[in-house]
Amino acid sequence: TDKSVVKFSPSAPSFVYPVQTREFRLQKIELKPGRKQQDKSDSVRVLMIVSGKFKLKWGRGKMSAAQGQAILVPASLGVVEIECLEAGECYKADVP
């Protein structure tokens, strides 16, 4: 096991990768179909879809995202629900 990787939450399949900078952090999110994860941040986030398909929901908005896409999520959206439609993983970069 790589000791430089920190389990983000015991209930969510997410990992935080420590980086040598204070300006941002990187988190890996792996989900199976039908699973959902709430993502909250007070800063801008970038979601990079490596594999699979996801649905993002916030307030009154929603969108789909698939492998190869990157989504800029403004801080003003607050909580974003990430729902897995097809097993996959994405990376989230944000400001701690």
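The structure we're discussing is the one just above.
Conventions used here
Numbers given to residues run from 1 along each chain, matching the order in which its sequence is written. Only residues with pLDDT of at least 70 are given local features in this predicted model, and only at 80 or more are side-chain atom pairs given and counted; all residues enter the totals for whole chains, interfaces and linings. Side-chain metrics in this entry use all non-hydrogen atoms of the structure; hydrogen atoms and water are not considered. Here a strand is any run of E in DSSP of at least two residues, a helix any run of H or I of at least four, and the numbering for each starts at the N terminus. Note on definitions: a residue-residue contact is assigned when non-hydrogen atoms from the two residues lie within 4.5 Å. Note on areas: Shrake-Rupley with a 1.4 Å probe; residue coverage comes only from the protein chains shown. Each patch is built from residues lacking any salt bridge and having more than 30% relative accessible area; the joining distance is 9 Å for like charges and 5 Å for nonpolar side chains (Val, Leu, Ile, Met, Phe, Trp, Tyr). For this analysis, a salt bridge means a side-chain nitrogen from Lys or Arg found within 4 Å of a carboxyl oxygen belonging to Asp or Glu. As used in this record, nonpolar core signifies buried Ala, Val, Leu, Ile, Met, Phe, Trp, Tyr and Cys residues forming a set joined through side-chain atoms within 4.5 Å. Between buried and exposed lies partly exposed: a residue is buried under 20% and exposed over 50% of the maximum accessible area for its type, with that area taken using a 1.4 Å probe on protein chains only. Note on pairing: DSSP must find at least two bridges between two strands before they are called paired.

**Describing the overall build of the protein chain**
Then comes step 1: If you tally the helices and strands in the protein chain, you get zero helices and eight strands.
Then comes step 2: Scanning the protein chain from its N terminus toward the C terminus, one meets helices and strands in the order β-β-β-β-β-β-β-β.
Then comes step 3: For the protein chain, the share of sequence-separated contacts (at least 6 apart) that also reach a separation of at least 24 residues comes to 65%.
Then comes step 4: For the protein chain, the exposed area adds up to about 6000 Å²; of that, 55% sits on carbon and sulfur atoms.

**Observations concerning the environment of Val-73**
Then comes step 1: Residue position: Val-73 is located in strand 7 (residues 70–73).
Then comes step 2: Separated by 28 residues in the primary sequence, Val-73 and Arg-45 place their C-alpha atoms 5.0 Å from one another.
Then comes step 3: For Val-73, the contacting residues outside a window of four places in its chain are Ser-43, Val-44, Arg-45, Leu-47 and Val-80.

**So, a nonpolar patch on the surface**
Then comes step 1: A cluster of nonpolar residues, Val-44, Leu-72 and Val-95, forms a patch on the protein surface that exposes about 260 Å² of accessible area.
Then comes step 2: Turning to its location among the elements, Leu-72 is positioned in strand 7.

**Let's talk about the nonpolar core**
Then comes step 1: Of all hydrophobic cores here, the largest spans 13 residues; its most connected members are Leu-31, Ile-49, Phe-54, Leu-56, Ile-71 and Ile-82.
Then comes step 2: Among the secondary structure elements, those contributing two or more residues to this core are strand 3 (25–31), strand 5 (45–58), strand 7 and strand 8 (79–94).

**Some points on the side chain of Lys-92**
Then comes step 1: Residue placement: Lys-92 occurs in strand 8.
Then comes step 2: A residue is classified by how much of its surface remains accessible, and Lys-92, at 3% relative accessible area, is buried.
Then comes step 3: If we skip the residues at most four places from it in the chain, Lys-92 touches Arg-25, Leu-26, Gln-27, Ile-29, Asp-39, Arg-45, Val-46 and Leu-47.

**So, the pairing of strand 8**
Then comes step 1: Judged by how many residues are buried, strand 8 sits mostly within the fold: twelve of 16 residues are covered.
Then comes step 2: One ladder, built from seven bridges, connects strand 3 with strand 8; its direction is antiparallel. In the sheet register, Ile-29 faces strand 8, and the bridge partner there is Cys-90.
Then comes step 3: Looking at chain direction, strand 4 (residues 36–40) and strand 8 are connected through five bridges and run antiparallel. By the bridge assignment for strand 8, Gln-38 is matched with Glu-81.

**Looking at the pattern of salt bridges**
Then comes step 1: Throughout the structure, instances matching the rule amount to eight salt bridges.
Then comes step 2: Glu-89 is the partner of Lys-28 in a salt bridge, and the nearest nitrogen-oxygen pair spans 3.7 Å. Taken together, the residues span a long stretch of sequence, with Lys-28 in strand 3 and Glu-89 in strand 8 at a distance of 61 residues. Considered together, Lys-28 and Glu-89 belong to a single accessibility category, that of buried residues.
Then comes step 3: Across the pair Asp-42 and Lys-40 runs a salt bridge, and its minimum N-O distance is 3.3 Å.

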